[in-house]
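# Residue-level structure breakdown
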Amino acid sequence: MQPVTIYTRQLCGFCTAAKRLLESKGVDFVEHDATFSKDLRTEMIAKASGRATFPQVFIGRTHVGGCDELHALERDGRLDRMLQGEAAQ
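The following refers to the structure shown. Numbers given to residues run from 1 along each chain, matching the order in which its sequence is written. This being a predicted model, a pLDDT of at least 70 is required before a residue's local features are given, and a value of 80 or more before pairs of side-chain atoms are given or counted; all residues contribute to the totals for chains, interfaces and linings. For side-chain calculations, the full set of non-hydrogen atoms in the structure is used, while hydrogens and water are omitted.

## Concerning the pairing of strand β1 (residues 4–8)
Look at any regular strand and the pattern is simple: side chains alternate between the two faces of the sheet. Counted residue by residue, β1 has 4 buried out of 5 residues, so it is predominantly covered. Strands are labelled as partners when DSSP assigns at least two bridges between them. Where helices and strands are cited, they refer to DSSP runs of H or I of at least four residues and of E of at least two residues respectively, numbered from the N terminus. When β1 meets strand β3 (residues 56–59), the two strands line up antiparallel, connected through 4 bridges. If you follow Thr5 over to β3, its bridge partner there is Phe58. Of the pairings in the sheet, the one linking β1 to strand β2 (residues 30–33) comprises 4 bridges and is parallel in character. The buried label goes to any residue with under 20% of its type's maximum accessible area, the exposed label to any with over 50%, and the partly exposed label to all in between, with areas taken from a 1.4 Å probe on protein chains only.

This is the structure we're talking about:
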């Protein structure tokens, strides 16, 4: 299973929805709560090619995007392949 990292902030419904999807699939993930951390926000924006919205999700070294993109991968049947390290074409 590929490592999953998610940058979140408190009181973010999209963050909660993204984490809920990952949890429902039994995926362990590292969460970085950037609510009060300028350094974590700066790190996230740099890794996410300038995207500053929350959440930002990474599977392995691949930037997935936010909650909508994560759910789109699931709907299209590509999320499981990405989590297993396969290309999500």
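Text resumes after the structure shown.
## Quick notes on the nonpolar core
Counting 15 residues, the largest nonpolar core has Val4, Val57, Ile59, Val64, Leu70, Leu79 and Leu83 as its most contacted members. Of all the secondary-structure elements, those providing two or more residues to this core are β1, α1 (13–24), β3, α3 (67–75) and α4 (79–83). Note on contacts: a residue pair is in contact if any heavy atoms of the two residues lie within 4.5 Å. Residues contacting Val64, with those up to four places away along its chain left out, are Val57, Phe58, Ile59, Glu69, Leu70, Leu73 and Met82. Within this scheme, the nonpolar core is defined by two criteria: the residues are buried Ala, Val, Leu, Ile, Met, Phe, Trp, Tyr or Cys, and they are joined through side-chain atoms within 4.5 Å. Cys12, Met44, Ala48 and Phe54 belong to the second-largest nonpolar core, a separate cluster that totals 8 residues.

## Regarding the pattern of salt bridges
When a carboxyl oxygen of Asp or Glu is within 4 Å of a side-chain nitrogen of Lys or Arg, the pair counts as a salt bridge. Applying the stated criterion across every chain, the model contains 6 salt bridges. A salt bridge links Lys19 to Glu31, with the shortest nitrogen-to-oxygen separation between them at 3.0 Å. Here Glu31 lies in strand β2 and Lys19 lies in helix α1, a separation of 12 residues in the sequence. The partner of Arg51 in a salt bridge is Glu69, with the nearest N and O atoms 3.4 Å apart. Residue Arg51 is found in the loop between α2 (38–47) and β3, and its partner Glu69 is found in helix α3; the two are separated by 18 residues along the sequence. On the basis of relative accessible area, Arg51 is assigned to the partly exposed category, the value being 31%. Salt bridges sharing common partners tie together Lys25, Glu74 and Asp80.

## Concerning α3
When α3 is considered as a whole, its buried residues turn out to be Cys67, Leu70 and Leu73. Viewed along the axis of α3, the buried residues span an arc of 125°, placing them on a single side of the element. For α3, exposure combined with an orientation more than 90 degrees from the buried face picks out Asp68 and Arg75. The inward-facing, buried residues of α3 abut α1, β3, β4 (62–65) and α4. Residue Gly77 follows α3 closely and has a positive phi angle near 75°. By construction, the arc corresponds to the directions joining the helix axis to the C-beta atoms.

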